[in-house]
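One-letter residues, chain by chain:
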Amino acid sequence: MSNPIPPTQAASTRTVIIGSGFGGLGAAIRLKQSGDHDFVIVERAQDVGGTWRDNTYPGCRCDVQSNLYSFSFAPNATWSETYPTQPEIYAYLKGVAADAGLGPHLRFGFDVEDVTFEETSGRWRVTATSGAVFTADVVIVASGGLAEPKLPDVEGIDSFAGPIIHSAAWDDSVDLSTARVGVIGTGASAIQIIPAIAPVVDHLTVFQRTPAWVLPHPGKVVSQRAKALYARLPFTQRIARWADYWMREALVIPFVKRPSMMAGAEKQAIEHLEAQVADPELRAKLTPSYRLGCKRILISDDYYPALASSTTTLETAGIERITPSGVMLADGRTVELDVLISATGFYVTDNPMAGKIHGRQGRPLADAYTGALPSYLGTTFPGFPNLFMVTGPNTALGHSSMVFMIESQLNYIVEAMGVINRAGAALIEPKASVAEAHAAAIDEKLPSTIWGSGCASWYLTEDGRNVTIWPDFTFTYRSRTRRFVRDDHLLGLRPGSGSGAMVEGSVPAR
Ligand code: NAP
């Protein structure tokens, strides 16, 4: 995608959107659809696509169906598989951005360093590491929850002599074909990488800390007939989308209300393991001891066969430290390696972006992940006027498409911006009491859900609070974000343009 307008110094705009993945592109398109064209999308990379631009590791694909993992307003009749591959999702997002004419709004290479609310002007200042600055009335933070790769906190990692490749920063230039390769991690990224590289490498060692629950992969190639039908009669693709949606929505019952109902799926996963791994010792190592769904449920038909291959070793002894030539295990053995692949996830509850954003009195948005600052529907925050966060606290899902949640948030954001315009207000933020009640209701609900059933996961903070998952049906979230509830918010004017005080549900006289 072209970037015809170069980044400008201290430019002013109505809205800055941070990030150009599903969240940022969706926000931009919804603003355009509402008639608002006064925005820029700042992006640290050189292209749109977010996580689907960055995760180029072999085997990368989405574990949600393509018809559901796409914008409702931009269906794609040409998905080649029911579960889309990374190159196809990346191409889809680039196409969506181009079709919406977002090129002139994009500012690539703008790596956000600081986002600060300026009390004197009542506006936001968004600064890049390059020194470029945008001032704006509104900021939409859409930088993503899985954007900052995390290497394992293991002694000696800096001493490793070979390349260390994180799953989200794949390096194609490293030749794996004659290498002894180690993979740390057995999560959603690892279980796609391992079968993709196992046939290629000289020897593969997988370092597992906790086994994953793995179900058979239901993915298929989309037939030419289905594609033709979707193109000719788009409502048929909408029906397929809704079928996928409701099938997944039914999972909220075991996830949230009756975790014991997962026993049936656990049986299916064990049968899958038994059918694919003959060695009882290996099977034992791969059998989880926590409730299925507590961590993300994985789907794969080729993960277990890759682990059972004669050129793969599964190590479960635990990593003591990394040495220049490989890994020393907790039981004293060493594994010699040429390349180390780290499929160890992301900074989520400690996402550095939240530490770069400061509201009134310089308060960091990182407080939203410690429990100190409540959010309103994971999107707005008391003391952060006109700041909206896409995929904020407690909006992630274990069972369905994040694109659905993002679109729900965008409904609220566009409604809120419309209210600001129509009411003649300049500033809007949720009432602290309402946000506190929202956060308290979530905190009360989560411990009895599957995510509170006793495993460690990236959904939890170090002190065990779940600040990532939305513990309910997504249609409940959709209905709560459909309308802007004015009584839940404080509205006000900018300092110097009348009474700067924020008042409940109405606008102070100018
Ligand atoms: P992840 O789920 O956080 O998994 C990280 C893995 O690394 C876990 O197995 C973890 O073990 C292990 N690990 C971390 N530190 C370690 C250490 N010091 N020593 C040994 N093992 C260590 O990360 P991810 O696989 O990148 O997935 C993150 C999320 O991205 C997913 O849950 C999903 O939402 C998304 N994703 C989706 C897809 C898809 O759609 N197919 C693909 C990739 C990612 P423990 O389990 O013991 O902590």
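Residues numbered from 1 in each chain as written. Predicted model: local features only at pLDDT ≥ 70, side-chain atom pairs only at ≥ 80, totals over all residues. Heavy atoms only, no water.

As for the state of the cysteines
Part 1: Summed over the entire model, instances satisfying the criterion amount to one disulfide.
Part 2: Between Cys294 and Cys455 runs a disulfide, and the two sulfur atoms are separated by 2.1 Å. Handedness here is read from the sign of the S-S torsion; for Cys294 and Cys455, about -95°, the answer is left-handed. Taken together, the residues span a long stretch of sequence, with Cys294 in the loop between α9 (280-285) and β11 (298-299) and Cys455 in the loop between α13 (432-445) and α14 (474-482) at a distance of 161 residues. Cys455 carries the same exposure label as Cys294, and that label is buried.
Part 3: Between Cys60, a free cysteine, and Cys62, which holds the nearest cysteine sulfur, the sulfur-to-sulfur gap is 8.6 Å.
Part 4: Residue Cys60 is classed as buried on the basis of its relative accessible area of 7%. (Disulfide = S-S within 2.5 Å. Helix = DSSP H or I, 4+ residues; strand = E, 2+ residues; numbered from the N terminus. Buried < 20%, exposed > 50% of the residue type's maximum accessible area, 1.4 Å probe, protein only.)

Digging into the site of the ligand
Part 1: For the ligand, the set of nearby residues contains 23 residues, the closest of which are Arg61, Thr186, Ser189, Thr210 and Lys295.
Part 2: Contact between the ligand and Arg209: an oxygen atom at 2.9 Å from a side-chain N or O atom of the residue.
Part 3: Protein contact buries 84% of the 910 Å² of open area that the ligand shows by itself.
Part 4: Residue composition of the shell around the ligand, grouped by class: ten nonpolar, eight polar and five charged. (Near = heavy atom within 4 Å. Polar contact = N/O pair within 3.5 Å; in protein donor to acceptor, adjacent residues only side chain to side chain. Areas by Shrake-Rupley, 256 points an atom, 1.4 Å probe, with all protein chains shown as cover. Nonpolar A, V, L, I, M, F, W, Y, C, P; charged D, E, K, R; others polar.)

Describing the sheet that holds strand β8 (residues 180-184)
Part 1: The sheet built from five strands is open, its strands ordered β7-β16-β8-β9-β12 with parallel pairing. Single-partner strands in this sheet number two, and they are β7 (164-166) and β12 (312-315). When strand polarity is set aside, the average angle formed by the axes of neighbouring strands in this sheet is 20°.
Part 2: Pairing analysis gives three bridges linking β7 to strand β16 (residues 339-342), with the strands arranged parallel. The residue bridging Ile164 from the neighbouring strand is Leu340, located in β16.
Part 3: In the packing of helix α4 (residues 190-197) onto the sheet, contacts are made with β8, β9 (203-207) and β16, and the angle to β8 comes to roughly 165°. (Pairing = 2+ DSSP bridges. Axes fitted to C-alpha atoms, helices over the stretch in contact; angles between N-to-C directions. Contact = heavy atoms within 4.5 Å.)

Overview of helix α1 (residues 22-33)
Part 1: In this model α1 runs 16 Å from its N-terminal to its C-terminal C-alpha over twelve residues, within 8% of the 16 Å that 1.5 Å per residue would give.
Part 2: α1 sits mainly inside the fold: ten of its twelve residues count as buried.
Part 3: Three or more residues of α1 are buried, namely Phe22, Gly23, Gly24, Leu25, Gly26, Ala27, Ala28, Ile29, Arg30 and Leu31.
Part 4: Buried residues in α1 make contact with β1 (11-18), β2 (39-43), α2 (51-54), α3 (86-99), β6 (133-141) and α12 (402-423). (Expected span 1.5 Å × (residues − 1).)

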